[in-house]
Amino acid sequence: LFKRQGLEAAMTTEIFVVNEKGEEFVGEVCVAEESAGVELPARLVFTEYTREPAILRGEADPGRRELRPIRVELRAGERGKVLGFRDYLTGRGKAALAELEDGGTCAMLPGRSLRVTLYVAAKRRRVDKDEERERLIEALPRWSDKAMSAADEMVFRDADGSGVFFQDARRRYEFRCGRRGLALLVALRRESDKTLSLLEDELSRLDPAERARILEEGRRIYAEK
């Protein structure tokens, strides 16, 4: 798991805390059999504490919903006094927090067992370009519904999976394309919509009279073209 997160894997993890003395060694831990398969970084430095109820329960951090929690059972190593640190946390009802290299967090929890919760970025499923374009095609209005569509709709999908589109603002001249052409067309329109949105924002900031003048000039140029 953590090899994929870009962290250094280790059979034993050294635990440190930052206090008034600086960075102090606490002890070492290993992943218990119950959590076999999870790898911790070579060292964890706990710098902060929290009494956030959700974190104390090992649940998702309400302040960072983009991270998913992974609870890991640990065993204390031979060096140091990790169990004493756990007892310290238990007595004060708080968890210790350490930053992970991937931007996540590790929370050592209070309680009878020795455990931590790792908060790591949830992996986003990569959406294939073809899959995304198919989704855009399915969202198009059907050609049979042309009469009911908005006046500015320019692209439609036909019953056989092909496309019907217009290039003129008044929608007088229709063109047709196959499924592949329609996939390219919806991708082009998606990118064009970003530009149109920016232009609309710019126009909305103008004086109404100036905005009307620019729009009229655009219509004139279009008519001449």
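In what follows, the structure referred to is the one given above.
Keep in mind it's a predicted model, so treat the numbers as computed, not measured.

A word on the side chain of threonine 105
At step 1: Locating threonine 105 in the fold gives a position in strand β6 (residues 105-108).
At step 2: Residue threonine 105 is classed as buried on the basis of its relative accessible area of 15%.
At step 3: Among all residues touching threonine 105, those that are not within four sequence positions of it are Arg64, Leu97, Ala98, Leu100, Thr117, Leu118 and Tyr119.

Focus on the nonpolar core
At step 1: Ile15, Phe46, Leu74, Phe85, Cys106, Met108 and Leu118 are the most contacted members of the largest nonpolar core, which has 23 residues in total.
At step 2: When residues of this core are traced back to their parent elements, those giving at least two are β1 (13-19), β2 (22-31), β3 (43-50), β4 (67-80), α2 (82-92), β5 (95-99), β6 and β7 (115-121).
At step 3: Setting aside anything within four residues of it in sequence, one finds cysteine 106 in contact with Leu44, Phe46, Ala96, Leu97, Ala98, Leu100, Val116, Thr117 and Leu118.
At step 4: By size, the runner-up hydrophobic cluster in this structure holds 10 residues, among which are Val155, Cys177, Ala183 and Leu185.

A word on the packing of aromatic side chains
At step 1: If you walk through the whole model with that rule in mind, you get eight aromatic pairs.
At step 2: Seen in terms of ring centroids, phenylalanine 85 and tyrosine 88 are 6.2 Å apart; in terms of plane orientation they differ by 15°. Their pairing is stacked. On the criterion of helical spacing, the pair formed by phenylalanine 85 and tyrosine 88 is a turn pair, its members being three residues apart in helix α2.
At step 3: The exposure class of phenylalanine 85 is buried, given its relative accessible area of 8%.
At step 4: Through pairs of rings, three or more aromatic residues link up here, namely Phe46, Tyr49, Phe85 and Tyr88.
At step 5: It is lysine 94 that lies over the ring of tyrosine 49; its NZ or CZ is 4.3 Å from the centre.
At step 6: Arginine 171 extends its terminal NZ or CZ atom over the ring of phenylalanine 166, reaching a point 5.9 Å from the ring centre.

Digging into the sheet that holds β5
At step 1: Read once around its circumference, the closed barrel built from seven strands follows the order β1-β2-β4-β7-β6-β5-β3, with strand pairing classed as mixed. Adjacent strand axes in the sheet meet at a mean angle of 40°, parallel and antiparallel pairs treated alike.
At step 2: Direction of pairing for β6 relative to β7: antiparallel, over a ladder of four bridges. Considered in β7, the bridge of threonine 105 is made with tyrosine 119.
At step 3: Running at roughly 105° to β2, α2 makes contact with β1, β2, β3, β4, β5 and β6 of the sheet.

Calculation notes
Every residue gets a number counted from 1 within its own chain, in the order that chain's sequence is written. Per-residue local features are limited, in this predicted model, to residues with pLDDT of at least 70; the limit for side-chain atom pairs, both in listing and counting, is 80 or more; totals at the level of whole chains, interfaces and linings are taken over all residues. Calculated side-chain values reflect all of the structure's heavy atoms, with hydrogen atoms and water omitted. Comment: elements are numbered from the N terminus, with helices defined as DSSP H or I runs of at least four residues and strands as E runs of at least two. In this scheme, a residue with accessible area under 20% of its type's maximum is buried, one over 50% is exposed, and one in between is partly exposed, where area comes from a 1.4 Å probe on protein chains only. We call two residues contacting when some pair of their heavy atoms lies within 4.5 Å. To form a nonpolar core, buried Ala, Val, Leu, Ile, Met, Phe, Trp, Tyr and Cys residues must be joined to one another through side-chain atoms within 4.5 Å. Ring pairs shown here join Phe, Tyr and Trp side chains whose ring centres sit within 6.5 Å, with only the six-membered ring taken for Trp; geometry is labelled stacked below 30 degrees between planes, edge-to-face above 60, and tilted in between. Ring-over charges, as used throughout, are those where CZ of Arg or NZ of Lys falls within 6 Å of the ring centre and within 35 degrees of the ring normal. Strand pairing requires that DSSP identify at least two bridges connecting the strands. Axis geometry follows a simple rule: fit a line to the C-alpha atoms, using only the stretch in contact for helices, then measure angles between N-to-C directions, giving values from 0 to 180 degrees.

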